[in-house]
Amino acid sequence: GWSGQFDEALSALGASQREADRVNDLPTLAVTLDYSGIHCLRRGDLPGAEAAFLKAYLVRRLRKPDEIHLSQANLGRLRLAQGDFKSAETLFSLALAKANSAPSLVQVWTLYHGRGAARQAQGRFDGAWADFGTAVDLARRWRADAVAADAMRIRTDAGLREVYQSYIRAGNRAALSGRRPEMARRAFSAAEEHRAVSLREQWNASGEWRRKLPAEYWPVLGQLQTAEVAALRNNSAPAAARAARLRLRLIEMEAQTGAPRPLAVAGGGVEFSRAIQLKLSPSEALLSFEFGEKESYLWALTGKRFFLHALGPRRELTALISRFRDAVRLDRADAADAGAKLYSRLFGSLRPSVTAKARWLVVLDDALFEAPLAAAVTGRANGRPVYLAESHSLMTIPSAAALLEPGAGGGAGALFVGVGDPVYNSADPRWAGTPEPGMLHRWGLALVPLLGASASPQTNLELPRLAASAAEIRECSRRWGVRETVLLEGPAACRDRLAEALRRRPAVLHLATHVLTPEGRRDGALIALSLGPPGRPEVLTSSEIASLGSARLVVLSGCSSGNGAPLPGAGLVGLT
């Protein structure tokens, strides 16, 4: 059902309900009815959702009254979808009263978010803002305590992006109306926090560190979640102290496995945005985008000023971006016109104090990851278009929160590691091995670097040589000027030698290699290394890269190495 196969999901749930009814398993019957209602709601079948939710409510009312708030929450979501906002607010309030007074399976922030949406629809914006803020605060606590698998589950089940977007939208509306301008800073903080934490969750999901967690970790995690609920209910110092002790214990166990620490994003919004401004040099401006179905926004920050701009609905922006992208790629005559229109829409409302900054740090969202912004047209001079790249340098960053983090690979030594010109095929005279039987293995990979389009499933992994890449890493190492250099070329450009070099924590890692993308998986690109002794090709996967070691600066000099999947919240997820 979560993958969109509603008919199959409802059929399986129906069978479960019949069996649960036959054996008088009422808790299971209620839960499966809940899921049927949720899937009906997701595909727009409101009558079907109502029938399922009411049956679950009746089961709980008769046999499981202590779980009645679960049905009240689902009926609140249904009334919200039906436009009965007053009833929705009442139902969410009833569910919250129970969830905040006793342990509950329901994710409490979803209830605050639902009630906030109901209040907002009735024009009660202050109450909505308070509920959205509570929802974000609760989600933040649980996110900070959950390991990658739990964080992924929570985000999927609770729709955390929707929770954050509601908070952001309500805050920005209040700011743009002039009623509460400081809310723009709080909305900015929430957006950047969501980006930073979502990206961390994606990174953690492929890490090997989770396998190293001790068995003790999971019971402590459960105790922490219980302690957090207790602290929320009674707001006492002892309860908060117990939660803090358990959280510290989890952090200690994670640190022993090499798990990355969570990004520290200061709460409150005002403090966070001002901390970001202190990191900006006099020549820098930060531009952060947030796309929404009905409203999109741009926050613009300099060292001294903070601005919020409304950009309009996502659909209109995406259409402008698509037209501009295609015009540039195909070198069409309308490329300059499309670039001028996109620039005007995205940046036309910026103040001179922002446009005067020569260096722009840009936090992208949604379709903007595919927009060649450097080719946007700022105006015309002497009858020719003036491109954005002529007046500004553009650096994309995953989140403004990244500016507050210590430099990646802190403590790295003065070592340059370069990988170039591997042995990619058995015809290369540098390869002295004997082809393994069946060596031309059918990988089913799209060889994006050279073919520019998806290859057929019959494509093998024998690749053409990149002879100039050896000269590239030699010249780059010379110009970088560090004390030590390790250049891995030919057969030496293998996984074992690279892992050995990375354990020395180099200052620079420069990879001049082929990059391979599996069919239909832009986020699963692989780095191709040299053929092994039996002729078997070596590749680096994302999970292997995460566990190899660290470098302060990584250069990916391979076609399509900057591609990835633009995921909601996390941004662009790929090799970079």
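Residues numbered from 1 in each chain as written. Predicted model: local features only at pLDDT ≥ 70, side-chain atom pairs only at ≥ 80, totals over all residues. Heavy atoms only, no water.

Helix and strand content of the chain: 20 helices and 17 strands. Taken across its 576 residues, the chain has 47% of its residues classed as buried. A separation of at least 24 residues holds for 66% of the contacts in the chain among residues at least 6 apart in sequence. Entry remark: accessible area of the chain is about 26900 Å², with carbon and sulfur atoms responsible for 54%. (Helix = DSSP H or I, 4+ residues; strand = E, 2+ residues; numbered from the N terminus. Buried < 20%, exposed > 50% of the residue type's maximum accessible area, 1.4 Å probe, protein only. Contact = heavy atoms within 4.5 Å. Areas by Shrake-Rupley, 256 points an atom, 1.4 Å probe, with all protein chains shown as cover.)

A word on the sheet that holds strand β1 (residues 284-290). The sheet built from five strands is open, its strands ordered β3-β2-β1-β4-β7 with mixed pairing. Looking at which strands have only one partner, the edges of the open sheet turn out to be β3 (306-312) and β7 (393-396). Across the sheet, the axes of successive neighbouring strands diverge by a mean angle of 20 degrees, strand direction being ignored. Bridge count for β1 against strand β2 (residues 296-301) is five bridges, and the pairing is antiparallel. Residue pairing for β2: S288 is matched across the bridge by W299. Seen against the sheet, helix α9 (residues 160-176) touches β1, β2 and β3 and runs at an angle of roughly 70 degrees to β2. (Pairing = 2+ DSSP bridges. Axes fitted to C-alpha atoms, helices over the stretch in contact; angles between N-to-C directions.)

Our focus in this paragraph is the sheet that holds strand β8 (residues 415-422). Read across the open sheet, the four strands follow the order β10-β8-β11-β15; overall the sheet is parallel. The outermost strands of the open sheet, each flanked by one partner alone, are β10 (484-490) and β15 (553-556). Recorded for the sheet is a direction-independent mean angle of 10 degrees between the axes of neighbouring strands. Relative to β15, strand β11 (residues 508-512) runs parallel, the two being bridged by four bridges. Pairing of L511 across the sheet is with L556, part of β15. Here helix α18 (residues 468-480) sits on the sheet and contacts β8, β10, β11 and β15; the angle it forms with β8, its principal contact strand, is near 165 degrees. Of the strands in this sheet, β8, β10 and β11 are in contact with helix α19 (residues 495-502), which crosses β8 at around 170 degrees.

This paragraph deals with the side chain of R115. Tracing the backbone through its elements, the reader meets R115 in helix α6 (residues 108-121). Among the polar contacts listed, one links the side chain of R115 to the side chain of S93, at a separation of 3.3 Å. Beyond its immediate chain neighbours, meaning those up to four positions away, R115 contacts E89, F92, S93, L96 and D131. (Polar contact = N/O pair within 3.5 Å; in protein donor to acceptor, adjacent residues only side chain to side chain.)

Right, let's get into the confidence of the model for the chain. Interpreting fine coordinate detail is not advised for predicted regions of low pLDDT. Per-residue confidence for the chain averages 80 on the pLDDT scale, and 77% of its residues sit at or above 70. Across residues 147-158, confidence stays below pLDDT 50; counting only partners more than four residues off in sequence or on other chains, it has 34 contacts. Contacts from residues 408-412, a stretch scored under 50 in pLDDT, to residues over four places away or in other chains number 12 contacts. (pLDDT = per-residue confidence, 0-100.)

As enumerated under the stated definition, the model contains four cavities of 30 Å³ or more in all. Approximately 50 Å³ is the volume found for the largest cavity. It is helix α7 (residues 125-145) that provides the largest number of residues to the lining of the largest cavity, a total of three residues. Tallied by class, the residues present in the lining of the largest cavity amount to five nonpolar, no polar and three charged. (1 Å grid on protein atoms, 1.4 Å probe; cavity = no way out; pocket = protein on both sides within 12 Å on 5 of 7 lines; lining within 4 Å. Points joined across faces, edges and corners; volume = space filled by probe spheres on them. Nonpolar A, V, L, I, M, F, W, Y, C, P; charged D, E, K, R; others polar.)

Helix-helix packing is described using two parameters, namely the angle between the two axes and the distance between the axes. Here helix α4 (residues 68-82) crosses helix α5 (residues 85-99) at 160 degrees, and the two axes come no closer than 8 Å. The angle between the axes of α4 and α5 places the two elements in the roughly antiparallel class. Seen along the crossing, α4 lies across α5 with a hand that is left-handed. Counted together, H69, Q72, A73, L75, G76, R77, R79 and L80 of α4 and F85, S87, A88, L91, F92, L94, A95, K98 and A99 of α5 form the full contact between these two elements. Along the lines of polarity and charge, the residues of the contact of α4 with α5 split into 10 nonpolar, four polar and three charged. (Parallel < 35°, antiparallel > 145°, perpendicular 65-115°, else oblique. Left-handed = near helix turned anticlockwise from the far one by under 90°.)

Per the counting criterion, the structure on display carries 32 salt bridges. The partner of R249 in a salt bridge is E216, and the shortest N-O contact between them spans 3.1 Å. Highlighted residues: R249 in helix α12 (residues 237-257) and E216 in the loop between α10 (183-205) and α11 (217-234), separated in sequence by 33 residues. For R249, a relative accessible area of 28% translates into the label partly exposed. D334 is paired through a salt bridge with R323; the nearest N and O atoms lie 3.6 Å apart. (Salt bridge = Lys/Arg side-chain N within 4 Å of Asp/Glu carboxyl O.)

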